[in-house]
Amino acid sequence: MRSYLLTTAAAAALALAMNTGASAAGWDGADDLPTSPLACDASAPAAPAAKPYDGGKAVNAPDKAGKEISVVDVPKLIGIGYFNATSKGIADAAKDLGNVKVKTDGPTEAKIDEQIKFIDNYITSGVDGILFAANDPVAIAPVLKKALSKGIHVVGYDANSTPDAREWFVNQAEFNGIAKAMMDSMAKEAGEDAAFGIVTSTFTTPNQARWIAEMQAYGAKCHPKMKWLETVEAQEDNVLSFNQATTLLNKYGDKIKGLFGMTSVATPAGAEAVTKAGLCGKVAEVGLATPNAMKPYVHSGCVKSVVLWNPIDLGYAAMYVMRAVVDGKLKAGDASVDAGKLGKLNVVNGSEILLGAPYIYSKDNIDKFDF
Amino acid sequence: MSTIALSGASSARAPFWRRLSSQEMLLAVAIVGLALVVGLVNPRFLSANNLADILLGNAYIAVAAIGMSMVIITGNIDISVGALIGVLATVSGSLAVAGAPIAVTWLAPLVFGMLVMGLQGAIVAYVGIPAIVVTLGMLSILRGGLISVTGGKWITDLPDAFHLADIEIFGFIPMPVAIMVVATILAAVWMRWWPLGRAIYATGGNPEAARLSGVSPRRTLVLVFVLHGFFAGVAALLFATQLRVIQSTTPSGLEFTIITASVVGGVSILGGVGTVVGSTLAAILIAEITSALVFINISPFWTHALQGALILATVIADIERRRRRLAGAIR
Amino acid sequence: MTAVASSNRASRARIFLRHETILAAMLVVALFGLGLFNDRFLTIDNLLNQGRLMTEIGLIALPMTFVIVTGGIDVSVGAIVGLCAIVLGYSWKNLGFPLPLAIVFTLVVGAAAGLANGLVITRIKVPPIITTIATLTLFRGLAEGISQAHSVRGYPDWFYFLGQGDVFGVPTQLLVLFLAIIVFGVALDRTTFGRTLYAIGSNETAARFSALPVERVKLAAYTLSGLMASLSALVLVSRVTTTRSDMGMGYELDAIAAVVLGGTSIFGGSGTIWGTVIGAVMIQLLKNGLALTGVKGDATIMVIGVVLIASVLIASSLQRRRV
């Protein structure tokens, strides 16, 4: 009993010591990058100064222009709807192109060490190209550089690596664009003075961390009266996301007017929490999600807007970019690339290809999508 | 038979006053105490809504911990249960989407769970391979198999009637909570007063003595695994029907959460000791801690460290209490 | 007493020699089978590279063998890897330690974490699996708390030699692993310490009555487990050039699988380092070979699961026949 009391006392002391700033105020994304909030109105952002190409280069890659290539797609993890959709897009593009053999393979949990081993194995097995969505931008760099050094083309999508470890990155939407869409949607639905909470995967997931940081910067600039209550972690776990969302609703009661879901897992779970608590119409759920999981809530009117790019298009574009690189049709300094049915996509930030502005799904159009 | 009673249920037969200092009592006090302390900081914690939600969202862990406790009491362990719950949830959801009658979608995970666990139990009991090895292998097989079969596609578009977890008995008791309470009571009563239930303790406490008194440790072991599969099926059903989406991955570390609930509940990993009332209380306590840390504004970066410290403190307390009682008994 | 123990050990050694021989034979067959399907599998380059990738698990599996031989288990090692990765980055970047000092500090922290496990297990007598399940959450939580989600990058180039460099064409960390295998192998097989580990695993009470330093040896086994986990963290950080608090997640199960596949009884009292090494190599090369043959990751994990159960099944049925 004595040691029980001791340990409990130690835990309590630890709790008090750490009881600082649970609200995410001052959150910087933990990656030492600056934020760049967009303009508050809908004006197009000023064209950024053109940046020279900063990607890497596959060394002595065999010339396979127009010939059949084999490509592997290694997403962050397999078994979630989102990456299921990107790999469908990749397969669709391979079919349209007709000269690409592609397969998707990856870890069943979003673990960087596992992902590295998958890529390493595919380097040895001798593929012509690797498509990836990184679990960690820095940790994945050495193995990608190894691929480049063996003449394998490397193109990223969804989650970037350091630029010099890949040739191109297909960017679904810029971080500040997502942040603007999310904050504007929330302000419209919950009011300019609304207080809100956030459910995210983990604080170390790069994209989510960046989005939250950009949301904070944009919020401070364009919606200064909105109140940021708290950010909680829920892994990529359905039920935990639901529990955490419910906890936030119960903790803040009437004070909370909005709930953000930062992942395609957290958003439907948050919507379920709002529904079960009978708070539809009182608490706005806004978040990133895939349409199928959100249909029940959008149809019931509980959720008004779901922010996302089309992940099928994202995969599709990534495959076309890969083909263009192999065929020599996309080189350093080019301003755009042809992406099949998606038309021409623009090069931004030196070595990124931008898919477009984020898409907002609503009652009117959600049934057109099936993924 | 008397030897079994001694090794099995010394705590269960103890007089009431002594049971006050049992692990179950300690946990109950901790649950109430924590609620009061957090309630002082933020009274909203004590709202009926919040307390119900804590139970509702974690009932499936408590239910799975019932079967896990039985397995641990026999001196075995199962680390495949997290992956199995994922598989069973997918089986149930797939049937529902395919239009199977609701009763079938609810029964299928129970039956399938009993089959898989029964198979593992038979390997452990009759081939003599340690449970940790069998279940470690099964963990890989189930996790890989789930992705292979589903291709990673989520199950959506579930029929409304499928959502067992949404039913409220008498209009206010959520089904998961009712199932958790009823299952715990039935299992506890069965393990304390039925001969077959008591045989579980005998098997874990002293298999040789159990054999001599006419209990077949092997058959008991298979039975325990089958029951564990049943409870895993119920847990999977609650897990699957709570939300409108079924993922084809399971929460990583779910097996550890379930095992933690059992051992914090006072189930001895060495076998022979513990109750399912304890494991259910422990599951509730762990869920309560998770929620409480949000309510009292602990930085989210430190929540897992605190959870770990509190879990460690609880198991240490349990061991110390048991040692003191043992010392007292000898004196 | 000692005579009985040693004769016991001799017969046991013969049986487990058999287990390892069977396993080694299975390994060879699997290797050549897979080699037939893919000409990129049995190449020096690939095998050395696989060695690089398996080092982190291998380093953890060695002391895990000790722990399991005593009849214990340590499931907190993956979390210690995460904690140590963070401690390395934090002490270097935030506390301003010179990197060599930070490395030493990391090793000390790892050993201390293992020692803490050992103390709770030997002094308070909390069963190992319970202790380490609790400290698994605790250590992982400390890693998250200390890092505040920040990664530390940009180490000096010399540090990457450990995880990415070669010595005469052999990956640096593979040499470290070789050295560790020899040290651990000799310690288990040829020293009093090793014999005490077996004695504790066979019958702890008897070992105590034979005046063996049971507590101290167990303490040493868990401390070694923590120390090697921190070494594994250093290798990992050096290989992937950054730190994350979720590093090493799930390593514990991979290491335990290697030990068990290598013929160490989970009940303690028997097992060898050589078996563990074969087990670890087998898992790594199976994963690699299957991947190169075109089998996808999810199917590969299923195969590993079947191999794990099947090999123990075969070994135990052969053993029973002999006994």
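Computed from a prediction, not measured in an experiment: that's the story for all the values here. Per chain, residues are indexed from 1 in the order of the written sequence. Chain letters start at A and ligand numbers start at 1, both assigned in the order the entries are written. Note on the predicted model: pLDDT of at least 70 is required for a residue's local features to be given, and 80 or more for side-chain atom pairs to be given and counted; whole-chain, interface and lining totals, by contrast, use all residues. With hydrogens and water set aside, each side-chain value is computed from the structure's full complement of heavy atoms.

(A) Fine view of the side chain of Glu-56 of chain C. Secondary structure counts use DSSP, requiring at least four H or I residues in a row for a helix and at least two E residues in a row for a strand, with both numbered from the N terminus. Relative to the elements of secondary structure, Glu-56 of chain C occurs in helix H2 (residues 44-69). In what follows, residue pairs with any heavy atoms lying within 4.5 Å of each other are defined as contacts. Setting aside residues up to four positions removed in sequence, Glu-56 of chain C forms contacts with Ser-232, Val-235, Leu-236, Arg-239 and Tyr-251 of chain C.

(B) Representation of the interface of chain A and chain B within the structure. Contacts between the two partners involve 51 residues from chain A, matched on the other side by 46 residues from chain B. Surface buried jointly by chain A and chain B totals about 4300 Å² across both partners, of which 62% is contributed by carbon and sulfur atoms. What counts as a salt bridge is simple: a side-chain nitrogen of Lys or Arg found within 4 Å of a carboxyl oxygen of Asp or Glu. In this structure, the connection of chain A to chain B is made through three salt bridges. Between Arg-143 of chain B and Glu-109 of chain A there is a salt bridge, with its nearest N and O atoms 3.1 Å apart. The term polar contact refers here to a pair of N or O atoms within 3.5 Å; inside protein, the definition further demands a hydrogen-donor-capable atom paired with an acceptor-capable atom, and it admits residues adjacent in sequence only when both atoms are side-chain atoms. The interface formed by chain A and chain B includes 14 residue pairs in polar contact (both at pLDDT 80 or more). Among the elements of the structure, helix H1 (2-18), helix H2 (81-97), strand S7 (227-233), helix H7 (238-252), helix H8 (266-276) and helix H9 (291-300) of chain A are those that each provide at least two residues to the side of chain A that touches chain B. No other element matches the 11 residues that H7 of chain A contributes to the side of chain A that touches chain B. In this classification, the charged set is Asp, Glu, Lys and Arg, the nonpolar set is Ala, Val, Leu, Ile, Met, Phe, Trp, Tyr, Cys and Pro, and all remaining amino acids, among them Gly, are polar. The residue inventory of the side of chain A that touches chain B, partitioned by class, reads 21 nonpolar, 20 polar and 10 charged. The buried area of a pairing is the accessible area, by a 1.4 Å probe, that goes missing from both parts when the two are put together, added over both.

(C) Representation of a nonpolar patch on the surface within the structure. Residue and element names in this part refer to chain B. Patches here: salt-bridge-free residues with over 30% relative accessible area, like charges joined within 9 Å, nonpolar side chains (Val, Leu, Ile, Met, Phe, Trp, Tyr) joined within 5 Å. The accessible surface values rely on the Shrake-Rupley method and a 1.4 Å probe; as for residues, cover is taken only from the protein chains in view. The grouping of Val-181, Ile-185, Val-189, Trp-193 and Trp-194 at the surface amounts to a nonpolar patch, some 510 Å² of accessible area in total. Mapped onto the elements of the fold, Trp-193 is located in helix H8 (residues 175-193). Accessibility here uses a 1.4 Å probe with only protein chains present; expressed as a share of the type maximum, an area under 20% marks a residue as buried, one over 50% as exposed, and anything in between as partly exposed. The class for Trp-193 is exposed, based on a relative accessible area of 55%.

(D) Up close: the state of the cysteines. Residues and elements named next belong to chain A. Two cysteine sulfur atoms form a disulfide, by the criterion used here, when they sit within 2.5 Å. Considering all chains together, one arrives at two disulfides over all chains under this definition. The side chain of Cys-40 participates in a disulfide bridge whose partner is Cys-222; the two sulfur atoms lie 1.9 Å from each other. A torsion of -85° about the S-S bond marks the disulfide between Cys-40 and Cys-222 as left-handed. With a gap of 182 residues between them, Cys-40 in the loop between H1 and strand S1 (69-74) and Cys-222 in helix H6 (residues 206-222) connect regions that are remote in the sequence. Residue class for Cys-222 comes out buried when judged on its relative accessible area of 14%. With a sulfur-sulfur separation of 2.0 Å, Cys-280 is cross-linked through a disulfide to Cys-302. Sign of the S-S torsion, about -90° for the bond between Cys-280 and Cys-302, identifies this disulfide as left-handed. Linking Cys-280 in the loop between H8 and strand S9 (284-288) with Cys-302 in the loop between H9 and strand S10 (306-308), this pair joins segments that are 22 residues apart in sequence.

(E) Up close: the pairing of strand S12 (residues 344-348) of chain A. All names here are of chain A. DSSP bridges decide pairing: two strands pair if at least two such bridges lie between them. Bridging between strand S11 (residues 336-338) and S12 involves three bridges; their strand directions are antiparallel. Bridge pairing links Val-337 to Leu-345 in S12. Between S11 and S12, which pair antiparallel and follow one another directly, the connecting turn spans five residues, one of which, Gly-340, has a positive phi of 55°. In the sheet, S12 pairs with strand S13 (residues 352-354) via three bridges, with the strands oriented antiparallel.

The values reported here are purely geometric and, on their own, carry no functional implication.
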